[in-house]
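Residues per chain are reported as follows:
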Amino acid sequence: MRSAPKLLHTCRVLVVGAGGLGCEILKDLALSGFRDISVIDMDTIDVSNLNRQFLFRPKDVGQSKAYTAAAFVTERIDDVKVTPYHCKIQDKDWDFYSKFQIVICGLDSVEARRWMNAFLIDMADFDDPDSIIPLVDGGTEGFDGQARVIIPRITSCYECSLSLLKKQVVYPICTIANTPRLPEHCIEWASMIKWPEVKPDEVLDTDNPVHLQWVYKQALARASTFQIPGVTYMLTQGVVKNIIPAIASTNAIIAAACVNEALKLTTGCHPYLDNYMMYTGTDGVYTYTYNHASRPDCPVCGGEVRTLTVSASLQLAELIEQLGEMPDLRLQSPNLRMATNTAPKTGATGLSLYLQSPPQLEAVTHPNLTKRLGDLMASGTELVVTDKSLPVSLSLTIKFTNENMNVEP
Amino acid sequence: MDKTRRYDRQLRLWKAHGQARLEAAHICLLNGTATGSETLKNLVLPGIGAFTIVDHRLVAETDTGCNFFVTKSDIGQPRGKAIVEHLKGLNEEVSGRWVNQNPETILDKDSSFSVSDYSLIIATQCSSEMLIRLAANCQEVGVPLVVCETAGFIGYLRIQIQEHTIIESYSGPNEDLRLDRPFPTLTEFVQKFDLNDPDSMAHGQIPYIVILLQYYQAWQRNNPEAPSMTLKEKKVIREAITRAMRHPDEENFEEAAKNVLWALNTTQIPPPVREILENPRCDQLTENSPDFWVLARAMRDFVQQEGDGMLPLSGHVSDMKTDTANFVAIQSL
């Protein structure tokens, strides 16, 4: 039997994110006996990180998070090797990720988590136990957080639980353009409408203080025209950058929970978290642990094809809108094609129903938007949905409620 | 260093006043254990004013294996001193000091040590005899005490505190529309709108509270004696509002229908607030009373006098579907 320290010393663990959670996770791993740690992060250090990312000092501002964090931990703790990677997680391939025995995510982005989750699940092969790499995922927002353990193809995955996420706040474009009521509406107007109008050749960089000042001034002017109070620089930053409050203590709690799970998964000394722990620190302290069930129709780990039952007279644009509002998919700009084995109806010009880009293909498929589904396809047709926020393609069977209804005008 | 930028991510949770209170705090840790050092780290980073570590041990090899805030080169040095130096490196705004005393005996041996000098005491690895005496001391002068301990995969945390009052909570105000007892400017505002407005643009911009209040007033005219609306009546109104929608996209009518059930309730003082106002501490005000109880008493006086049994109106209204002019007008009623 291998001893626990030996297991820890030889375990290759990857920490995804060297931010608030990442700094804590790296420290906890090193103090727990892990010896071969890697960390990947594409970001550089900002002043606003220093209230919690304790491996960084004012002199490090502008430097790579991964490199600075790795150097600090290696220097502080004997016999630990921390290997930094300053790049996007999407830049790394199968060979890179298959080197690790466990992955711990401390990310602040849903998109990155979806990608990492889908990648590890895609790698998992039941014939090769080494290909099943457990994913421990932590997340915090202010005084609240959660930690979970995902064993690819065995437990539920990140994609299974997307509907748990808070609904994204999206202000209707007509409100922003015509009837602003909140300071947020004025800020969105300045960043989404005024900026591209005045500076069509420059992309708004939300990390650039000069750009943010410009947006703030414009928003302030618009707010005063409409007598709307409350536009401040801090709020402007918050809205434009979608800032999530973050503090050291919640990160410490969640990171510790994640590393304890990594310890248990590696050594087998105690049963691991099954499989979702939520932590609420806003109203006293409350924690709740439960088994989040897998979705049989999860686009990433489930095998079942989803069925959507709609009216045959629904227009394609309305279907796309409906898909966009489904909280368990969180799509941004879905593309729709019919599966290759289907025979399109006469109304359709090919298998591609609607493609958002490139502009040429958008132009070709645009006329389909106002066509009724019954004119484009038969009931039971399988659609393939792709979306930039969807890490895999989604199969969707369309069934009509009114199959035999004549939809001709 | 620019504090607003450095503390941006936390100021969004507790704002400038919360930060000022944090910066006024002086926190004392008994025993420089790994758990204690980690706790202090999470207080030094957001910027408490000062901290003191009471510890009499020397850094041992075992400390370096579990405490991130001592290093190999500190072995043999006083442990409290080493931790203070490492923690101070996290935030230059915070001052830290070390008292070279055994926490177990400090209450007897160091007459200059007084728990009342601190805003909070954190005790780790203390004997139960010591904790009982310490807790009594803290209780006497009203200083909160936090006790925490860890062992392997288990641990505990307890808090002893006499009273914790919060004046500015950031949970967001409850909606208080007073539709059952509208104030004159609200009544006047509502009368300006015609629910049968033939102009469909204008019809789609009528704020939902106007829609609700007009339905409420109609109900009142028909039921002058009824003390409050029944659930059944609210559901009838909800259906009527849904029928009055000219097309399925009239969000203002949608909002009105969605909010019928709570917005047409009888306005009353929420029970937890009533409990505070009825607390005897509102009657026992002295020069040393916390601001919270002075404010609670003032609030009670208002309710009994000008407020006519009601709390002052917060004035907060959440966003609703309407045009800018209407919304600005509602906010300034």
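Residues numbered from 1 in each chain as written. Chains lettered and ligands numbered in written order. Predicted model: local features only at pLDDT ≥ 70, side-chain atom pairs only at ≥ 80, totals over all residues. Heavy atoms only, no water.

Digging into the domain arrangement of chain A
Counted only if it meets this: Start and end positions for the domains come from either an automated domain assignment or a database one.
Under the domain assignment used here, chain A contains domain 1 (4-165 + 245-290), domain 2 (173-241) and domain 3 (306-407). One C-alpha centre belongs to domain 2 of chain A, the other to domain 3 of chain A, and the line joining them spans 35 Å.

Thoughts on a negative patch on the surface
The condition is simple: A patch consists of residues whose relative accessible area exceeds 30% and which take part in no salt bridge; residues with like charges are grouped when within 9 Å of each other, and nonpolar side chains (Val, Leu, Ile, Met, Phe, Trp, Tyr) when within 5 Å. Per-residue and other accessible areas follow the Shrake-Rupley method at a 1.4 Å probe size, with only the shown protein chains counted as cover for residues. Between Lys or Arg on one side and Asp or Glu on the other, a salt bridge is scored when a side-chain nitrogen of the former is within 4 Å of a carboxyl oxygen of the latter. The convention is simple: Lys and Arg are positive, Asp and Glu are negative, and His and the chain ends are not counted. Just so you know, the charge point we use is NZ for Lys, CZ for Arg, CG for Asp and CD for Glu. Each helix is a run of DSSP H or I of at least 4 residues and each strand a run of E of at least 2, with the numbering of both proceeding from the N terminus.
A contiguous patch of negative charge, built from Glu318(A), Glu321(A), Glu325(A), Asp249(B), Glu251(B) and Glu254(B), is present on the exposed surface. Among the secondary structure elements, those contributing two or more residues to the negative patch are α11 (316-324) of chain A together with α12 (251-263) of chain B. Within the element layout of this structure, Glu254(B) appears in helix α12.

What to know about the interface of chain B and chain A
Quick reminder of the rule: Residue contacts are counted whenever heavy atoms from the two residues lie within 4.5 Å of one another. Values labelled buried area give the accessible surface lost by two parts on being combined, using a 1.4 Å probe and summing over both. Here a polar contact is recorded for every N or O atom pair within 3.5 Å, except that within protein the pair must consist of a potential hydrogen donor and a potential acceptor, and residues adjacent in sequence are included only if both atoms are side-chain atoms. Each residue is assigned to one of three groups, with Ala, Val, Leu, Ile, Met, Phe, Trp, Tyr, Cys and Pro labelled nonpolar, Asp, Glu, Lys and Arg labelled charged, and all others, Gly among them, labelled polar.
Tallying the contact residues gives 40 residues for chain B and 45 residues for chain A. Taken together, both faces of the contact between chain B and chain A bury some 3600 Å²; the carbon and sulfur share is 62%. Three residues stand out in chain B for area buried against chain A, namely Arg9(B), Phe68(B) and Phe153(B), and they jointly supply 25% of the buried area on that side. Scanning the region where chain B abuts chain A turns up four salt bridges. Here Glu38(B) makes a salt bridge to Lys27(A), at a shortest N to O gap of 2.6 Å. Here chain B and chain A share 14 residue pairs in polar contact (both at pLDDT 80 or more) between them. Counting residues per element, the ones that place at least two in the side of chain B that touches chain A are α1 (3-6), α2 (8-23), α3 (34-44), α4 (61-66) and α15 (324-331) of chain B. The dominant element in the side of chain B that touches chain A, judged by the number of residues it contributes, is α2(B), at seven residues. Grouping the amino acids of the side of chain B that touches chain A by side-chain chemistry returns 16 nonpolar, twelve polar and twelve charged.

With respect to a nonpolar patch on the surface
Residue and element names in this part refer to chain B. The criterion, for reference: Here the term buried applies to any residue with accessible area under 20% of the maximum for its type, exposed to any over 50%, and partly exposed to those in between, with areas from a 1.4 Å probe on protein chains only.
A surface patch of nonpolar side chains, about 310 Å² in accessible area, is lined by Leu 157, Ile 159 and Ile 161. Locating Ile 161 in the fold gives a position in the loop between β6 (154-160) and α8 (184-191). Taking relative accessible area as the criterion, Ile 161 reaches 41% and is therefore assigned partly exposed.

Quick look at the UniProt feature "active site" (unreviewed entry) in chain A
Spelled out, the test is: UniProt positions are given in the numbering used here, feature names are shortened, and annotations may be inferred rather than shown by experiment.
Under the UniProt annotation, the feature "active site" (unreviewed entry) is placed at Cys174(A). A residue is classified by how much of its surface remains accessible, and Cys174(A), at 40% relative accessible area, is partly exposed.

What about the pairing of strand β8 (residues 286-290) of chain A?
Along any regular strand the residues' side chains alternate between the sheet's two faces. Residues and elements named next belong to chain A. Rules: In this analysis, strands are considered paired if DSSP registers two or more bridges between them.
When strand β7 (residues 276-280) meets β8, the two strands line up antiparallel, connected through five bridges. Looking across to β8, one finds that Met 278 is bridged to Tyr 288. The loop that links β7 with its antiparallel partner β8 comprises five residues; one of these, Gly 284, has a positive phi angle of about 70°.

Some points on the state of the cysteines
This is how it is decided: Note that a disulfide, as used here, is simply two cysteine sulfur atoms within 2.5 Å.
For the structure shown, the criterion picks out zero disulfides over all chains. The thiol sulfur of Cys11(A) is not disulfide-bonded, and the nearest other cysteine sulfur, from Cys269(A), lies at 13 Å.

Considerations on the environment of His203(B)
Residue and element names in this part refer to chain B. Position of His 203 relative to the elements: it lies in helix α9 (residues 200-203). Along the chain, His 203 and Arg 246 lie 43 residues apart, while their C-alpha atoms are 8.7 Å from each other. Setting aside its immediate chain neighbours within four residues, His 203 contacts Leu 195, Asp 197, Ala 244, Arg 246, Glu 250, Asn 252 and Phe 253.

Let's talk about the packing of aromatic side chains
Using the following cut-off: When two rings of Phe, Tyr or Trp (its six-membered ring) have centres within 6.5 Å they constitute a pair, described as stacked for plane angles under 30 degrees, edge-to-face for angles over 60, and tilted for the intermediate range. Any Lys NZ or Arg CZ that is within 6 Å of a ring centre and within 35 degrees of that ring's normal is treated as a charge sitting over the ring.
Applying the stated criterion to the full structure yields 20 aromatic pairs over all chains. Geometrically, the ring pair formed by Phe143(A) and Trp14(B) is tilted, given 6.3 Å between the ring centres and 55° between the ring planes. In this pair, Phe143(A) sits in the loop between β5 (135-141) and β6 (144-150) while Trp14(B) sits in helix α2, so the two residues belong to two different chains. Take Phe143(A): its relative accessible area is 31%, and that puts it in the partly exposed class. An angle of 85° between the planes, with centres 5.8 Å apart, marks the rings of Tyr216(A) and Tyr233(A) as edge-to-face. Remark: Tyr233(A) occurs in helix α9 (residues 233-241) and Tyr216(A) occurs in helix α8 (residues 209-225); sequence separation between them is 17 residues. The class of Tyr216(A) is buried, set by a relative accessible area of 17%. The class for Tyr233(A) is partly exposed, based on a relative accessible area of 24%. One aromatic cluster is present, built from ring pairs that chain together Tyr85(A), Trp94(A), Phe96(A), Tyr97(A), Phe100(A), Trp115(A) and Phe119(A). We note Lys92(A) situated over the ring of Phe96(A); from NZ or CZ to the ring centre the distance is 5.0 Å.

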